[in-house]
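These are the residues of each chain, in order.
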Amino acid sequence: MGSGYSMLTQYDIEEVQEYCYGLFSQQEIVSLYERFCQLDRNSKGYISADEFLSVPEFAMDPLSQRLLKLVDGLNFKDFVAFLSAFSTKANIRQKIELIFKVYDLDGNGKVTFSDILEVLRDLTGSFMSEEQREEVMSHLLEEAGYTRTSSLLLDDFIKILDYPGLKMGVEVTVD
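Residues numbered from 1 in each chain as written. Predicted model: local features only at pLDDT ≥ 70, side-chain atom pairs only at ≥ 80, totals over all residues. Heavy atoms only, no water.

- Under an unreviewed UniProt entry, the name given to the protein chain is EF-hand domain-containing protein, and the organism recorded is Protea cynaroides.

## Notes on the packing of helix H8 (residues 113-124) against helix H9 (residues 130-143)
Helix packing geometry: the angle between the two helix axes and the distance between the axes.
Thinking step 1. At a minimum axis distance of 10 Å, the contact between H8 and H9 shows a crossing angle of 125°. As far as their axial angle goes, H9 and H8 are oblique. Crossing hand, H8 versus H9: right-handed. Side by side, H8 and H9 meet where Phe113, Ile116, Leu117, Leu120, Arg121 and Thr124 of the first sit next to Glu130, Arg133, Glu134, Met137, Ser138 and Leu141 of the second.
Thinking step 2. The class makeup of the residues in the contact of H8 with H9 is six nonpolar, two polar and four charged. (Axes fitted to C-alpha atoms, helices over the stretch in contact; angles between N-to-C directions. Helix = DSSP H or I, 4+ residues; strand = E, 2+ residues; numbered from the N terminus. Parallel < 35°, antiparallel > 145°, perpendicular 65-115°, else oblique. Left-handed = near helix turned anticlockwise from the far one by under 90°. Contact = heavy atoms within 4.5 Å. Nonpolar A, V, L, I, M, F, W, Y, C, P; charged D, E, K, R; others polar.)

## Remarks on the UniProt feature "domain: EF-hand" (unreviewed entry) in the protein chain
Thinking step 1. With numbering aligned to this structure, UniProt lists the feature "domain: EF-hand" (unreviewed entry) at residues 27-62 and 91-126.
Thinking step 2. Between the C-alpha atoms that bound residues 27-62 the distance is 31 Å, and the span itself is 61% helix and 0% strand.
Thinking step 3. Helix and strand shares over residues 91-126 are 67% and 0% respectively, and the end C-alpha atoms of the span are 33 Å apart. (UniProt positions renumbered as here; feature names shortened; annotations may be inferred.)

## Some thoughts on the packing of helix H7 (residues 92-103) against helix H10 (residues 154-161)
Thinking step 1. Taken N-terminus to C-terminus, the directions of H7 and H10 make an angle of 120°; their axes are 10 Å apart at the nearest point. Compared by their axis directions, H7 and H10 come out oblique. The interaxial crossing formed by H7 with H10 has right-handed handedness. Residues Arg93, Ile96, Glu97, Ile99, Phe100 and Tyr103 of H7 lie in contact with H10, whose contacting residues are Leu154, Asp155, Phe157, Ile158 and Leu161.
Thinking step 2. Looking at side-chain class alone, the contact of H7 with H10 contains eight nonpolar, no polar and three charged residues.

## Notes on the nonpolar core
Thinking step 1. Counting residues in each nonpolar core, the largest one holds 46 residues, and the members touching the most others are Phe52, Phe76, Phe79, Val80 and Phe82.
Thinking step 2. Apart from residues lying up to four places away in sequence, phenylalanine 82 is in contact with Phe52, Leu67, Leu70, Val71, Leu74 and Leu98. (Core = buried A, V, L, I, M, F, W, Y, C linked by side-chain atoms within 4.5 Å. Buried < 20%, exposed > 50% of the residue type's maximum accessible area, 1.4 Å probe, protein only.)

## Comments concerning the layout of surface pockets
Thinking step 1. Considering only enclosed or pocket space, the second largest pocket measures out at about 380 Å³ in volume.
Thinking step 2. Sorting the residues of the lining of the second largest pocket by element identifies helix H6 (76-84) and H7 as the ones contributing at least two each.
Thinking step 3. Across the lining of the second largest pocket, the residue classes tally to nine nonpolar, two polar and three charged. (1 Å grid on protein atoms, 1.4 Å probe; cavity = no way out; pocket = protein on both sides within 12 Å on 5 of 7 lines; lining within 4 Å. Points joined across faces, edges and corners; volume = space filled by probe spheres on them.)

## Remarks on the packing of aromatic side chains
Thinking step 1. Enumeration according to the criterion identifies nine aromatic pairs in this entry.
Thinking step 2. Between phenylalanine 52 and phenylalanine 82 the ring centres are 6.2 Å apart and the planes differ by 90°, which places this aromatic pair in the edge-to-face class. With phenylalanine 52 in helix H3 (residues 49-52) and phenylalanine 82 in helix H6, this pair connects stretches of sequence that are 30 residues apart.
Thinking step 3. Overall, the relative accessible area of 5% leaves phenylalanine 52 in the buried class.
Thinking step 4. With a centroid separation of 6.5 Å and 35° between ring planes, the pair formed by phenylalanine 76 and phenylalanine 79 is classed as tilted. Separated by three residues within a single helix, phenylalanine 76 and phenylalanine 79 lie in helix H6, roughly one turn from each other.
Thinking step 5. Among the aromatic residues, those joined into a ring-pair cluster are Tyr33, Phe36, Phe52, Phe76, Phe79, Phe82 and Phe86.
Thinking step 6. The side chain of lysine 44 reaches across the aromatic face of tyrosine 46, ending 5.0 Å from its centre. (Phe/Tyr/Trp six-rings, centres within 6.5 Å; stacked < 30°, edge-to-face > 60°. Lys NZ or Arg CZ within 6 Å of the ring centre and 35° of its normal.)

So, in structure tokens, the structure goes:
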């Protein structure tokens with residue numbers, strides 16, 4: 001599964017399937033491999049941020065710059081693992097872990113009030129004032145038992161977001 005593409009072996013498919021907790025069928029993994037090969041224009045064995053931006057849906061996402069930090073340099077196995085959080089079969093913890101990585105701007109394993117505000121700024125643009133954003137986030141954090149000075153860990157994120165009926169707005173279907 002390195003550079004210079006060939007067909008996936010049965011072993012490769014099963015290895016990727018296991019790595020991604022069985023969220024994709026063998027046929028879906030083959031389809032994802034074909035898409036990966038299309039994105040990896042120079043057959044380097046990994047996808048760069050620029051190559052990922054060639055996916056129109058990704059390029060239009062308001063969080064694309066944050067997601068690019070997560071996807072730059074992904075090999076096929078990690079590419080499938082990244083996409084698994086968007087699978088309709090992914091559990092809520094897998095989805096929350098991805099959301100946490102998007103909010104953890106500096107990758108230190110903590111999300112601060114300012115990290116959340118930055119993401120909210122990207123999502124709302126000029127539709128909300130900075131004062132409105134701060135007020136909304138302060139209120140949400142207080143309701144969850146946190147303050148503006150709290151640093152949230154992954155377990156805190158799970159505690160806040162893990163409730164019945166939570167749906168991730170973007171899901172990937174594999175043809």
